[in-house]
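# A closer look at the structure
One letter stands for each residue in the lines below.
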Amino acid sequence: MNTPVPEYLANLLYNCKANGGGQLADYIPELASADPNKLAVALTTLDGLVYSAGDDEYEFSIQSISKAFTYAYVIEELGLDTVLKKVGVEPSGEAFNEISLDQSEDRPKPKNPMINSGAITTHSLIANADNTCRAEIIRKFFSELAGRELSFDMSIFQSEMNTAYRNLSIGYSLRNVSILESDPTEIIESYIKQCSINVTVKDLVNMISVLVNDGILPRTGERILSHKTVRQVLTVMTTCGMYDAAGDWLANVGIPAKSGVAGGIIGVLPGQVGLAVFSPKLDGHGNSVRGIDIMQQLSNDMGLHLLEGVPSSRVIVHDQSVVRTKPEVKVYKLQGVLQFTEAERLLRILQDEDKSDNIIVFDLSHISLVNDVGRRMFLDGIDRLRADGHDVALIDPDLVLRDAKTPRKFVPKIYQDIQEVLN
Ligand code: GLU
């Protein structure tokens, strides 16, 4: 049997080919000569497997999609508080290259890191103690995420440099209010170089696999970003990632995303999938027309809208039985996921256990996922049962509770007895 995913992706591209709307970006002259027919999609699974279709080997400049990753990089390097002093998180509702600053605090600062003023500021925060070009530091970081050596597209870079008046004026405005602390021309040049890094849709999904996996790169198993960094990046992608069309996007697609003027869009559904599309023609907001089409269909077909919510397993106790008397051994077989909703339900059921010295066994063999609050509540429930005189044992063959911060005594002897009784 072959998995239907590649076929599904190929069909998706085929169906949206007819949509010829939109214009090529022309404010970077080189982008105006892009091939408007190029079309590609890629998807990464939670464990880092990449599916792709169409022009999936075709390279294009990352442009504004880079902003999300550079933001992650500087938060990781400097800490969120330091970054927040320089760049806010409010959606601007203005064009990406608006020269506007949030004046609501003592010190004016860019509204968010996804518009140019915020992204230029973020770029300036990359520490380059040995005077390495900041864009080079970022190229290396992106390459590490992508799993191959990425390169700058020097003709795109030169082309944008020749007409960078707007970004230069943003740079000077930021320098004027001391948000930029050094020569703005050098920072703008390096920022534009960051935007010129060439990627394919496959590179993009490899890069976002780290965001899908809560900071761990599935290809290597290495933690690259903290949970806090990932949450922050996904938050600003959700509210500010699609230029001033973020509201429409959230309503119709509902996936944290970032787009770039070369025609790429990334979408990240944490704990589930990462998506990337490419098609160069853009709508009035600067987002890829076919890219939006594809993302919308993927979201509908695969039920990916963020606000669909993860449904509760509803039944947390699948079976409850007394398997032995004297001493009494009662087994609770649990199933599904253990998050707040299910843990609360379980603890409510356990309230009916009278104080006694019987043995309570929780069989977690059919629990697929325990989140932090689920774990804490469950372990707290065990403590309370023990305080009431019960002996508690766990059957946890997949170690779903293994992240417990406080090690617990799991009464191995009883565990063996229980195994015998259950077999
Ligand atoms: N290099 C472009 C700029 O700063 C990126 C714009 C974009 O992709 O939105 O103007």
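Because the structure is predicted, anything quoted here is derived from the model rather than measured. (Residues numbered from 1 in each chain as written. Predicted model: local features only at pLDDT ≥ 70, side-chain atom pairs only at ≥ 80, totals over all residues. Heavy atoms only, no water.)

Bringing the pattern of salt bridges into the picture now. Going through the model one piece at a time under the given rule, you end up with 14 salt bridges. A salt bridge links Lys38 to Asp35; its shortest N-O distance comes to 4.0 Å. Judged by its relative accessible area of 31%, Asp35 falls in the partly exposed class. Among the charged side chains, a network of salt bridges with common partners joins Glu136, Arg139, Lys140 and Glu149. (Salt bridge = Lys/Arg side-chain N within 4 Å of Asp/Glu carboxyl O. Buried < 20%, exposed > 50% of the residue type's maximum accessible area, 1.4 Å probe, protein only.)

Further remarks concern the side chain of Ser259. Mapped onto the elements, Ser259 comes out in strand E7 (residues 257–259). A polar side-chain atom of Ser259 sits 2.5 Å from a polar atom in the side chain of Asn287. (Helix = DSSP H or I, 4+ residues; strand = E, 2+ residues; numbered from the N terminus. Polar contact = N/O pair within 3.5 Å; in protein donor to acceptor, adjacent residues only side chain to side chain.)

Around the ligand, the neighbouring residues are Tyr27, Gln63, Ser64, Phe96, Asn116, Glu160, Asn167, Tyr191, Cys195, Tyr243, Gly260 and Val261. With respect to the ligand, the side chain of Tyr243 contributes an N or O atom lying 2.5 Å from an oxygen atom. Within the complex, the protein chains bury 100% of what would otherwise be the 290 Å² of accessible surface of the ligand. Put simply, the ligand lies in the largest cavity. Broken down by class, the residue content of the shell around the ligand amounts to six nonpolar, five polar and one charged. (Near = heavy atom within 4 Å. Areas by Shrake-Rupley, 256 points an atom, 1.4 Å probe, with all protein chains shown as cover. 1 Å grid on protein atoms, 1.4 Å probe; cavity = no way out; pocket = protein on both sides within 12 Å on 5 of 7 lines; lining within 4 Å. Sits in = over half its atoms within 2 Å of the grid points. Nonpolar A, V, L, I, M, F, W, Y, C, P; charged D, E, K, R; others polar.)

Our next topic: the pairing of strand E13 (residues 391–395). Where burial is concerned, most of E13 is hidden: four out of the five residues are buried. With five bridges connecting them, strand E12 (residues 359–370) and E13 associate as parallel partners. When the bridges of E13 are listed, Ile359 appears paired with Asp391. At this point the chain moves from E12, through helix H14 (residues 372–387), to the parallel E13, and the crossover so formed is right-handed. (Pairing = 2+ DSSP bridges. Right-handed = clockwise from strand over helix to strand, strands pointing away.)

Relative to the elements of secondary structure, His123 occurs in helix H4 (residues 116–124). Since its relative accessible area comes to 0%, His123 is described here as buried. Among the polar contacts made by the side chain of His123, one reaches the side chain of Ser190 at a distance of 2.6 Å. The contacts of His123, once residues within four sequence positions are left out, are Thr70, Arg134, Ala135, Ile187, Ser190, Tyr191 and Gln194. (Contact = heavy atoms within 4.5 Å.)

What follows deals with the pairing of strand E10 (residues 317–324). When E10 meets strand E11 (residues 329–338), the two strands line up antiparallel, connected through six bridges. Bridge pairing links Arg324 to Val329 in E11. Where E10 hands over to E11, the hairpin turn is made up of four residues, of which Lys326 adopts a positive phi near 50°.

Running from amino to carboxyl end, helix H6 (residues 154–162) crosses helix H8 (residues 184–195) at an angle of 140°, the nearest separation of the two axes being 9 Å. Taken as axis vectors, H6 and H8 run oblique relative to one another. As H6 packs across H8, the resulting crossing turns out to be right-handed. For the pair formed by H6 and H8, the contact residues are Met154, Phe157, Glu160 and Met161 on the first element and Glu189, Ile192 and Lys193 on the second. Among the residues forming the contact of H6 with H8, the class breakdown is four nonpolar, no polar and three charged. (Axes fitted to C-alpha atoms, helices over the stretch in contact; angles between N-to-C directions. Parallel < 35°, antiparallel > 145°, perpendicular 65-115°, else oblique. Left-handed = near helix turned anticlockwise from the far one by under 90°.)

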